[in-house]
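This is what each chain is made of:
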Amino acid sequence: MRDHDDAGQLIDAFLDALWLEQGVSDHTLVAYRRDLMAWAARLAECGEALMAPAPATLPAWLDERREAGYRLRSNARLLSSLRRFYRWALEQGRLAHDPLAEVRLPRVRPALPDTLEEAEVVRLIEAPDVTTDLGLRDRAMLEVLYGAGLRVSELVGLTTDAVNLRQGVVRVRGKGDKDRLVPLGEEAVEWLSRYLRAGRGGLMADITRPALFPGRGDRPMTRQAFWYRIKAHALAAGIDRPLSPHTLRHAFATHLLNHGANLRVVQLLLGHSDLSTTQIYTHVAQARLEALHADHHPRG
């Protein structure tokens, strides 16, 4: 029990350091904790300590996970969590060497995110019934989501003072509580203006409340509620392919690249801290180009 308690304290210290020094999001911290506690439990089963695992323990565990149906990507993420923890332990002087230095996994090809064709995006965005307050709100949300490439959590968290319609920009608070200014585009500005002028007041008992897109009780809409709305509008638009909460964000990035946008610009618009995170969209754009070539080129 004492070893388990010590492991938990070390993991807590590591997560506190990530939060304080790097502004890691709560979602990421939860993922790290889950991976590290699972690793600590496995070591405890083997009679080993978190700071002194036997060289063969992790490879054996990863093999068992693969046989149990875990995907290579899941194991790669787990290994990344453990490596980051042990690097921190080395920097803190808690270890003399990295016990995972020799552990390797095959390179994981980036998964291509689900996205939509431009015509499908138009059908989805135009699906809400804009003769109603709810439909006007949903149209404005979809326009802003696609026009600015926001995460759903960023969209539903917007407040009225975050939007500058005269300049056509929105101030977004992203991961790690980092703010960025993102241009909205003409369509998003137009529909957001219409919504603020003729729709928002009909949805709120108190229009002085800050939520730009209210749900129930004048509070900001939840991610789950908006995702339900997206699926309903996709059904109405005749879009039957699988969607995710990030589908329009992926479409935003992919379509910009398809039309010649610079990868660095897309990185800044998406709020990615690392360019490598954005580079996955070049794979999506390349896959689209290859499909077009195969379908239409005489020698495709």
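The coordinates are above.
For the structure given in this document, a descriptive report is provided here. What you are looking at is a predicted structure, and each value in this text was computed from that prediction instead of being measured.

## Description of the side chain of Asn 75
Here's step 1: Note that Asn 75 resides in helix H4 (residues 72-91).
Here's step 2: We classify Asn 75 as buried; its relative accessible area is 0%.
Here's step 3: One polar contact links Asn 75 to Arg 65, side chain to side chain, over a distance of 2.5 Å.

## Examining the nonpolar core
Here's step 1: Counting 43 residues, the largest nonpolar core has Val 144, Leu 155, Leu 158, Leu 184, Leu 192, Phe 213 and Phe 226 as its most contacted members.
Here's step 2: Put simply, the parts of the chain that give this core at least two residues each are helix H5 (118-125), helix H6 (133-148), helix H7 (152-156), strand E2 (169-173), helix H8 (186-198), helix H10 (223-236), helix H11 (247-258) and helix H12 (263-270).
Here's step 3: Sequence-distant contacts of Phe 226, defined by excluding residues within four places in its chain, comprise Met 141, Leu 142, Leu 145, Val 152, Leu 155, Val 156 and Met 221.
Here's step 4: Formed by 28 residues, the second largest nonpolar core is a distinct cluster that contains Ala 7, Tyr 32, Trp 61 and Ala 89.

## Quick notes on the packing of aromatic side chains
Here's step 1: Following the criterion strictly, the structure yields seven aromatic pairs and no others.
Here's step 2: On the numbers, 5.9 Å between centres and 85 degrees between planes, the contact of Phe 14 with Tyr 32 is edge-to-face. Here Phe 14, found in helix H1 (residues 2-22), pairs with Tyr 32, found in helix H2 (residues 26-45); they are 18 residues apart in sequence, far enough to count as distant.
Here's step 3: The class of Phe 14 is buried, set by a relative accessible area of 1%.
Here's step 4: Exposure remark for Tyr 32: the relative accessible area of 8% places this residue in the buried category.
Here's step 5: For the ring pair Trp 39 and Trp 61, a centre distance of 5.7 Å and an interplane angle of 25 degrees mean the geometry is stacked. In this pair, Trp 39 is assigned in helix H2 and Trp 61 in helix H3 (residues 57-67), connecting sequence segments 22 residues apart. For the pair Trp 39 and Trp 61, a shared accessibility class is recorded, and that class is buried.
Here's step 6: Against the face of Trp 61 rests Arg 65, its NZ or CZ located 5.4 Å from the ring centre.
Here's step 7: Sitting over the ring of Tyr 70, Arg 65 keeps its end group 4.0 Å from the ring centre.

Definitions and cut-offs
Residues numbered from 1 in each chain as written. Predicted model: local features only at pLDDT ≥ 70, side-chain atom pairs only at ≥ 80, totals over all residues. Heavy atoms only, no water. Helix = DSSP H or I, 4+ residues; strand = E, 2+ residues; numbered from the N terminus. Buried < 20%, exposed > 50% of the residue type's maximum accessible area, 1.4 Å probe, protein only. Polar contact = N/O pair within 3.5 Å; in protein donor to acceptor, adjacent residues only side chain to side chain. Core = buried A, V, L, I, M, F, W, Y, C linked by side-chain atoms within 4.5 Å. Contact = heavy atoms within 4.5 Å. Phe/Tyr/Trp six-rings, centres within 6.5 Å; stacked < 30°, edge-to-face > 60°. Lys NZ or Arg CZ within 6 Å of the ring centre and 35° of its normal.

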